[in-house]
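Chain residues, written in single-letter form:
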Number of protein chains: 2
Amino acid sequence: MSGKAADTHRGKVKRATLAEVANAVGLAKTTVSRALNDYPDISEETKRRVRETAGSLGYVASSRARQLQKGSTDAIGLVISAAAVGLQSAYQSEFTAALAAALDGHGLDLLLHSVTDPVSEIDTYNRLFQQGKVDGFVLMRTRCDDERIRFLTERGVPFVTQGRTDQSADHAWIDIDSQQAFSDAVEFLAGKGHRRIAMIAGDETIYSSTLREAGYRQGLEKAGIAVDPDLIFPGDFSAASGRVGVKRVIDSAAGVTAILCANDATAMGAISQAVELGIEVPSQLSVMGYDGVRMAEMFSPPLTTLSHSAAECGERIASMIVGLVGGDALTDHQVLLPAQIIERRSTGMAANV
Amino acid sequence: MSGKAADTHRGKVKRATLAEVANAVGLAKTTVSRALNDYPDISEETKRRVRETAGSLGYVASSRARQLQKGSTDAIGLVISAAAVGLQSAYQSEFTAALAAALDGHGLDLLLHSVTDPVSEIDTYNRLFQQGKVDGFVLMRTRCDDERIRFLTERGVPFVTQGRTDQSADHAWIDIDSQQAFSDAVEFLAGKGHRRIAMIAGDETIYSSTLREAGYRQGLEKAGIAVDPDLIFPGDFSAASGRVGVKRVIDSAAGVTAILCANDATAMGAISQAVELGIEVPSQLSVMGYDGVRMAEMFSPPLTTLSHSAAECGERIASMIVGLVGGDALTDHQVLLPAQIIERRSTGMAANV
DNA sequence: CTGTTAGCGCTTTCAC
DNA sequence: GTGAAAGCGCTAACAG
């Protein structure tokens, strides 16, 4: 605002433009553009010269302008809900980092958007896409009946979900075979002599929670143990719900020697509460988690868990979304990855009850 | 490529354009644009009509086009290095989420970029800005002598750091007064009768590590305890370094009854290792962390720590970067926030040695 | 109050 | 092999 100094004011940094480069080399903008983009109809010599002066001018093409012209954005949106505080679970944040890294490998950026009001969630997806800020989305924490999926599908917006839903048949997703994993976990526990195995479930609106519970039941059956509905306690993936869950187990379910938790955070909460109640883990109570977050290894006792790779998941999703945005035919667009039991010291042989 | 079907192919979603809206209302693009942006020189009646048809057409302005015209991006870049796996520490990810939420409140997006090769780090900052993808940056994990800061400062690129540096005088930053915090922590421990208090330090290339160590020394002095350099063990903010640290303490430093760790992850690692070595926390050894991550509360035993608010930090940084990008004068551009001791159960009275 | 004319910086036909 | 012209969708002068 202060007159003469206006064009020098802080924050306004001059970026070299195509026209300037063209001018400097003595060629037309068109030619420079094609040279820089390595078109075959430009002579090697010219390309060299152009690249050189472009470099010396510190020229970097404005992606805004390019995007406007080409119609694409080279950015993928990831919307997190502030309600689920932090970058949600440790796993979510490990995954997010992996996704960012993987997208980077494909030359895409990750636009991280936080939405505070759940009501405006859909609106956020809509705006981000309509505004042309992103070419597509990655969805985390998919819900059983996921409104976002319906919305995006209807509009033909490319997206990949991390986790299945009731509508899984129709969209691209990648997921961990949590049902199998939980079944394995129960068998593993049964193999250690546990007969009364409780489960602290995850947020029931999240589809994967239902799968984890189904796996738990399935494992019980395989192990020849009758499913006792009273041994399934509600939870919400938080450590706090693990604490509450343990108290309930103690209060209401006699003879439980092992607890399978919906995720690692819940398991850690459960252990910490158990210890406070004077229950020793694993000698009196085995506790097992799911996800294999890094912290699980450092917990005391180190957590037995079902591990899967956030990095692989991120990379696969990145490839998938790149394909979708590029309009590729959908092959391999539904991927199920296994989880592996990592035995550490929060589980042991069943105690004599 | 397949001819006639080309314009219908998946992924190409038609977005309404300004011209279309203008056409529909029977007004000029300009008028529509101004109506939508609530310019004073458009009649209320017209604005109403325009908004109505815009709404019914589902029109959302293309931010690409607007950005190209206005020159700004409404996005802030956050570059994380994949080397420090995951979204780095739990604190980093809590902060990132908070930052995204806060930026959202200002109508800004967060562009999360991951860089694998440390060598290309500066280049990434440069490209992101030159390409016009972001208006500015937020830097985490500031290093003592931070090349990124020199680079951005030289070019006049707006940025705010979370954490100070050797060059702090010259740039906008927000930081926790970790020196004071660590000093307080030592006094707190001394107040519980601890005389030989070890420290497991953080990554020494990170500026804040030096501050935390300085605070530790300062606290010792205040408590009238001589600083013993042999009681300071190296670390890197990881839980693993906490484990290693504890072993070294046991092996080489007799009489230590308390360990102050550079952050919560280190503290958790330390506790878990101590327990494995048969050392009881806190009866035989007190361990204290820093950051106050959510998991600290759920640890067993719950961790005594120095807590500070990621949310507040994120909000403040958001305001600061908004101001900087907007070209505001720099007032309050260097903010020091306090940390608070949260006493939980990983610390107790000094054991008799 | 509203419309006309430019132009942000780039990529693309289409000529030469 | 290279250049001229047009336009992506928007906003900012400047007229009327």
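For every chain, the first residue of the written sequence is number 1, and numbering continues from 1 onward in sequence order. Ligands are numbered from 1 and chains lettered from A, in the order in which they are written. The predicted nature of this model means local features are confined to residues of pLDDT at least 70 and side-chain atom pairs, given and counted, to a pLDDT of 80 or more, with totals for whole chains, interfaces and linings taken over all residues. Excluded from the side-chain calculations are hydrogens and water; all other atoms, namely the structure's heavy atoms, are used.

> Mind showing me how you'd approach the protein's contact with DNA strand D here?
The cutoff for a nearby residue is simple: one of its non-hydrogen atoms must lie within 4 Å of the molecule or strand. The environment of DNA strand D is formed by 26 residues, the closest being Q69 of chain A together with L18, S33, Y39 and Y59 of chain B. Backbone atoms, meaning sugar and phosphate, make up 55% of the atoms of DNA strand D lying within 4 Å of the protein. Pairing of N or O atoms within 3.5 Å defines a polar contact, subject to two protein rules: one partner must be a possible hydrogen donor and the other a possible acceptor, and residues neighboring in sequence count only if both atoms are side-chain atoms. Within the backbone of S43 of chain A, an N or O atom sits 3.2 Å from a phosphate oxygen of DNA strand D. Only DSSP runs of H or I with at least four residues qualify as helices, and only runs of E with at least two residues qualify as strands; both kinds are numbered from the N terminus onward. Put simply, the parts of the chain that give the surface near DNA strand D at least two residues each are α2 (29–36) and α4 (63–70) of chain A together with α2 (29–36) and α4 (63–70) of chain B.

> Looking at this model, I keep getting lost on the nonpolar core. Mind explaining?
Taken as a class, soluble globular proteins show a tendency for nonpolar side chains to be buried jointly. If you look at the biggest cluster of nonpolar residues, it comprises 148 residues, and the most contacted ones within it are F95, Y216 and I259 of chain A together with F95, Y216 and I259 of chain B. Not counting residues up to four positions away in its chain, the partners in contact with F95 of chain B are V138, M140, Q162, A310, C313, G314 and I317 of chain B. L152 and F159 of chain A together with I122 and I149 of chain B belong to the second largest nonpolar core, which has 30 residues in total. Here, the term nonpolar core denotes a set of buried Ala, Val, Leu, Ile, Met, Phe, Trp, Tyr and Cys residues that are joined through side-chain atoms within 4.5 Å. Note on exposure labels: buried denotes an accessible area under 20% of the residue type's maximum, exposed denotes more than 50%, and partly exposed covers the range between, all computed with a 1.4 Å probe on protein chains only. By definition in these notes, contact holds between two residues if any of their heavy atoms fall within 4.5 Å.

> Explain the sheet that holds strand β9 (residues 286–288) of chain A to me, please; I cannot follow it from the model alone.
Within a beta sheet, neighbouring strands are joined by backbone hydrogen bonds and run either parallel or antiparallel to one another. Residues and elements named next belong to chain A. In spatial order, the strands read β7-β6-β8-β9; together these four strands make up an open sheet with parallel pairing. In this open sheet, the two strands that pair with only one neighbour each are β7 (232–233) and β9. The pairing of strand β6 (residues 197–200) with strand β8 (residues 258–261) spans four bridges and is parallel. Along β8, the bridge assignment pairs M199 with L260. The sheet strands contacting helix α8 (residues 178–191) are β6, β8 and β9, and the helix crosses β8 at an angle near 165°. Where helices are involved, their axes are fitted lines through C-alpha atoms of the stretch in contact, as for all axes, and angles between N-to-C directions lie from 0 to 180°. Contacting β6, β7 and β8, helix α9 (residues 207–222) crosses the sheet at an angle of about 175° to β6. By the convention used here, strands pair only if DSSP detects at least 2 bridges between them.

> Honestly, the relation of the copies chain B and chain A in this entry has me stumped. Any pointers?
Note: a rotation about an axis with an accompanying shift along it relates these two copies of the chain. In the superposition of chain B on chain A (RMSD 0.1 Å, axial shift 0.0 Å), the rotation amounts to 180°. This pairing of chains is accounted for by a two-fold axis. Looking at the rotation axis and the C-alpha trace of chain B, the residue lying nearest is L111 of chain B, at 2.3 Å. Least squares is the method for superposing the copies, and the C-alpha atoms it fits come from residues with pLDDT of at least 70 in both.

> What exactly am I supposed to notice about the protein's contact with DNA strand C here?
Around DNA strand C lies a shell of 25 residues, among which L18, S33 and Y59 of chain A together with T30 and Q69 of chain B are the nearest. Protein-adjacent atoms of DNA strand C, using a 4 Å cutoff, are sugar or phosphate at a proportion of 53%. Interatomic distance of 2.6 Å between a side-chain N/O atom of Q69 of chain B and a base nitrogen of DNA strand C. The set of elements that each furnish at least two residues to the surface near DNA strand C consists of α2 and α4 of chain A together with α2 and α4 of chain B. Counting residues per element, the surface near DNA strand C draws most heavily on α2 of chain A, at four residues.

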